[in-house]
Amino acid sequence: IFFPSYSIQIGLTCGIFTGIHSGGEALINYGIIRLIIFYNKDMSWNYARFLDYCASVGIMRKVGGGYIFAHRYLLEYFAELDQ
């Protein structure tokens, strides 16, 4: 006897476990870390917009798909703030 609902349950369960095993765990960890940092008010939610703003005012430069500080002294200053 064929039970469609049973097949759907098995398929969804296998799909979820396969997804978590092949990269889903990293995605879940990323989301949790981002939520923690946001709720601690250490980072804005839309980080890309913040980095684009920093690039528009000259604090940072957009290089390829990433960002760098406009000057080495800025990097050193911000790195020493937490110490």
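For the structure itself, look to the data block above.
All of the points below concern the structure found in this document. (Residues numbered from 1 in each chain as written. Predicted model: local features only at pLDDT ≥ 70, side-chain atom pairs only at ≥ 80, totals over all residues. Heavy atoms only, no water.)

**As for the pattern of salt bridges**
All chains considered together, the criterion is met by two salt bridges. Among the salt bridges present, the one from Asp52 reaches Lys62, with a minimum N-O distance of 3.5 Å. Placement of Asp52 in helix H2 (residues 47–57) and of Lys62 in strand S1 (residues 60–63) is noted, with a sequence separation of 10 residues between them. Note on Lys62: relative accessible area 54%, which makes it exposed. Residue Glu76 pairs with Arg72 through a salt bridge whose shortest N-O separation is 3.5 Å. Linking Glu76 with Arg72, this pair stays in helix H3 (residues 72–81), spanning four residues, or about one helical turn. Under the relative-accessibility criterion, Arg72 is labelled exposed at 54%. (Salt bridge = Lys/Arg side-chain N within 4 Å of Asp/Glu carboxyl O. Helix = DSSP H or I, 4+ residues; strand = E, 2+ residues; numbered from the N terminus. Buried < 20%, exposed > 50% of the residue type's maximum accessible area, 1.4 Å probe, protein only.)

**Comments concerning a nonpolar patch on the surface**
Among the surface-exposed residues, Tyr53, Val57, Ile59, Tyr77, Phe78 and Leu81 lie close enough to one another that they form a single nonpolar patch of about 600 Å² accessible area. Examining the composition of the nonpolar patch, we find that three residues originate from one element, H3, more than from any other. Among the secondary structure elements, Val57 is positioned in helix H2. (Patch = residues over 30% accessible without salt bridge, like charges linked within 9 Å, V, L, I, M, F, W, Y side chains within 5 Å. Areas by Shrake-Rupley, 256 points an atom, 1.4 Å probe, with all protein chains shown as cover.)

**A word on the pairing of S1**
With four bridges joining them, S1 and strand S2 (residues 66–69) adopt antiparallel strand pairing. The residue of S2 that forms the bridge with Val63 is Gly66. Linking S1 back to S2 in an antiparallel pair, the connection comprises two residues, with Gly64 at a positive phi of about 60°. (Pairing = 2+ DSSP bridges.)

**Here's the deal with the packing of aromatic side chains**
In total, this model carries five aromatic pairs according to the counting rule given. Among the aromatic side chains, those forming a connected cluster through ring pairs are Phe38, Tyr39 and Trp45. Seen from the ring of Trp45, Arg34 lies directly overhead, with NZ or CZ sitting 4.7 Å from the centre. (Phe/Tyr/Trp six-rings, centres within 6.5 Å; stacked < 30°, edge-to-face > 60°. Lys NZ or Arg CZ within 6 Å of the ring centre and 35° of its normal.)

**Things to note about the environment of Trp45**
Along the chain, Trp45 turns up in the loop between helix H1 (4–39) and H2. As a C-alpha pair, Trp45 and Ile33 span 12 residues in sequence and 12 Å in three-dimensional space. Setting aside chain neighbours within four positions, we find Trp45 in contact with Arg34, Leu35 and Phe38. (Contact = heavy atoms within 4.5 Å.)

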